[in-house]
Amino acid sequence: MLRALRSFLQVFSAALFFLSYSQPSVALPFVLDDKAAVKDVISHFRAEMAGLIAQAGGEARVTLLRAFQLSDSMINALTAAYADSLTLTIGQLNEQQKRAFSQTGQLIDQIENAVKDPTNRALQEFADTNAIIADVASWSKRPIVTRYSPGFIAPRALGSEVRVSVAGLRLHGAKVKPPVLRIGSTEYKPDDHTDVSIGFSVPRTAFPTNQNTPSLQSITLVLYHDVSGLMPWNWSDVEEIPFRLLITVLPETLGTYTVMTVVSKQGDDEKVLLTSRVLKAFGEGGTFTDHDCYVPKEGYKFDINSAELHETAHTAHKDNDTSPGTNIGRMEYHEGMKTDRMICPQARSTVGCKECGGRTEGYMTVNMVKPNFEEKTEKTQPQSITWNKDIPIALTEKAKRQLIELTLFDAITTVSAATVAKTVQFVKIDPDLQNQVVILRPVRDWTAR
């Protein structure tokens, strides 16, 4: 989507900024126009953010929440600092002041690209965002919000109250009434408030909740600023200064999980027939043998149940008697050697008199086999994950690998190894290899969020 500023060009003689594209969906860095009015740039930032919030899907509402909060906080700070600057232009700002506008524009650019493809785009770290907000506060005498929490509102199953904390500068003055938190049409008074911090206790029911998907919502912190005597026409007045706070309200349903187990199953063996050479044992008077030993090809074993000895000749003679019974030899295994690793076939000719002779000939056949294993994936049906219950899953002992597919909020799908500890958004994968179990633990500690 090209960032056309046609309406601004028609109303104002100079463009606010321009954006180019290095590829169809990725914006180049934000560029400011020195002739642009400060108030118009801020208005455009607000319009951009409103559009991005409207576009954000379920995954973006979770993974990009911090970026939404940072950019919105910077816009709030700029709005408060330049509320009275009706004719000021970007060119009249010093470099430190311009940097705040430029950084805000760049962050909004990144959010726009990430919203289009939240899976494959990562935001750069804007570690100095709080420092920039502090800079804005240094050249403005108006109230400034520097940070607030929580970012995520826990589902109703985990609590009935939400603690909203705000930090900043000049948040409350001695001559004005305390700040309020406005949610919808209801206003909440603070539990505590100073010029640098404010705290509210809000019923969880104040935040509408979806059953399956997270929702990005805005609430309004209203500060009161004494502007008595600042303007010739306004000797006694209190200004109401609103700050939008962005939060993601998590749904009542956390998601589902599926276990994928990859196992090796033996298929049909591969077989190769081995045939020995023809063994020949013969002689006059006594016993004569001929044997050979065989080992299977690499990776194969002998199927000893398939081994067969084939006798092709069995003769004898004594004087004029050619009865084969005089030869009591046979086809056999040399010294009984018949294993899956080695087989030694042998032909033996044995006669009982010196004037006798005999001949035994034959060969052996045996199958060499190689086990054939196939990988098969067994997948369970999706099972529900609830916020207030840990889920133990038995690990399959002989599995080649076991994977857990998590689908959270009908929007975020990840696949992780069951044997590696990891936290995926709001679910911790906690393997206990000693007891051959992995436990899915929903994250229920919201104090750091």
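Residues numbered from 1 in each chain as written. Predicted model: local features only at pLDDT ≥ 70, side-chain atom pairs only at ≥ 80, totals over all residues. Heavy atoms only, no water.

Asks: Would you mind showing me how to read the overall build of the protein here?
Replies: Looking only at helices and strands, one finds six helices and 29 strands in the protein. Relative to its 449 residues, the protein shows a buried fraction of 45%. In the protein, once contacts between residues fewer than 6 apart in sequence are set aside, the share between residues at least 24 apart is 69%. Carbon and sulfur atoms make up 49% of the accessible area of the protein, which totals about 23100 Å². (Helix = DSSP H or I, 4+ residues; strand = E, 2+ residues; numbered from the N terminus. Buried < 20%, exposed > 50% of the residue type's maximum accessible area, 1.4 Å probe, protein only. Contact = heavy atoms within 4.5 Å. Areas by Shrake-Rupley, 256 points an atom, 1.4 Å probe, with all protein chains shown as cover.)

Asks: What's the story with the pairing of strand β12 (residues 215–226) in this structure? I'm lost.
Replies: The side chains of a regular strand alternate between the sheet's two faces. Most of β12 is tucked away: nine of the twelve residues are buried. Relative to β12, strand β8 (residues 180–183) is paired through three bridges, and the arrangement is antiparallel. Considered in β12, the bridge of Leu181 is made with Leu221. Pairing between β12 and strand β13 (residues 238–249): twelve bridges, direction antiparallel. If you follow His225 over to β13, its bridge partner there is Glu239. (Pairing = 2+ DSSP bridges.)

Asks: Quick question: what am I supposed to make of the state of the cysteines here?
Replies: Two cysteines form a disulfide when their sulfur atoms are joined by a covalent bond. Taken as a whole, this structure holds two disulfides when the rule is applied. In this model, Cys293 is linked to Cys344 through a disulfide, with the two sulfur atoms separated by 2.0 Å. On the S-S bond that ties Cys293 to Cys344, the torsion sits near 110°, and the link is right-handed. With a gap of 51 residues between them, Cys293 in the loop between β17 (286–291) and β18 (301–318) and Cys344 in strand β20 (residues 343–351) connect regions that are remote in the sequence. Classification of Cys293 as partly exposed rests on a relative accessible area of 35%. (Disulfide = S-S within 2.5 Å.)

Asks: Explain the packing of aromatic side chains to me, please; I cannot follow it from the model alone.
Replies: Describing an aromatic ring pair means giving the distance of the ring centres and the angle of the ring planes. Evaluation of the coordinates by the stated rule reveals five aromatic pairs. Pairing Tyr82 with Phe101 gives two aromatic rings, centres 5.6 Å apart and planes at 50°, and the pair type is tilted. In this pair, Tyr82 is assigned in the loop between α4 (65–81) and α5 (95–116) and Phe101 in helix α5, connecting sequence segments 19 residues apart. On the basis of relative accessible area, Tyr82 is assigned to the buried category, the value being 7%. Ring geometry for Trp387 versus Phe426: centroids 6.1 Å apart, planes at 70°, classification edge-to-face. Of the two residues, Trp387 sits in the loop between β23 (383–385) and β24 (391–394) while Phe426 sits in the loop between β27 (422–424) and β28 (427–432), which places them 39 residues apart along the sequence. Summarising the burial analysis for this pair, Trp387 and Phe426 share the class buried. Site record: aromatic cluster; members linked through ring pairs are Phe152, Trp387, Phe409 and Phe426. (Phe/Tyr/Trp six-rings, centres within 6.5 Å; stacked < 30°, edge-to-face > 60°.)

Asks: Any chance you could explain the confidence of the model for the protein here in plain terms?
Replies: Low-pLDDT portions of the prediction should not be read for the details of their coordinates. Per-chain confidence: the protein averages 81 in pLDDT, with 85% of residues scoring 70 or above. Under a pLDDT of 50 for its full length, residues 1–28 has, in the predicted model, 56 contacts with residues more than four places off or in other chains. Per-residue pLDDT stays below 50 along residues 229–235; that stretch engages in seven contacts with residues further than four places along the chain or on separate chains. (pLDDT = per-residue confidence, 0-100.)

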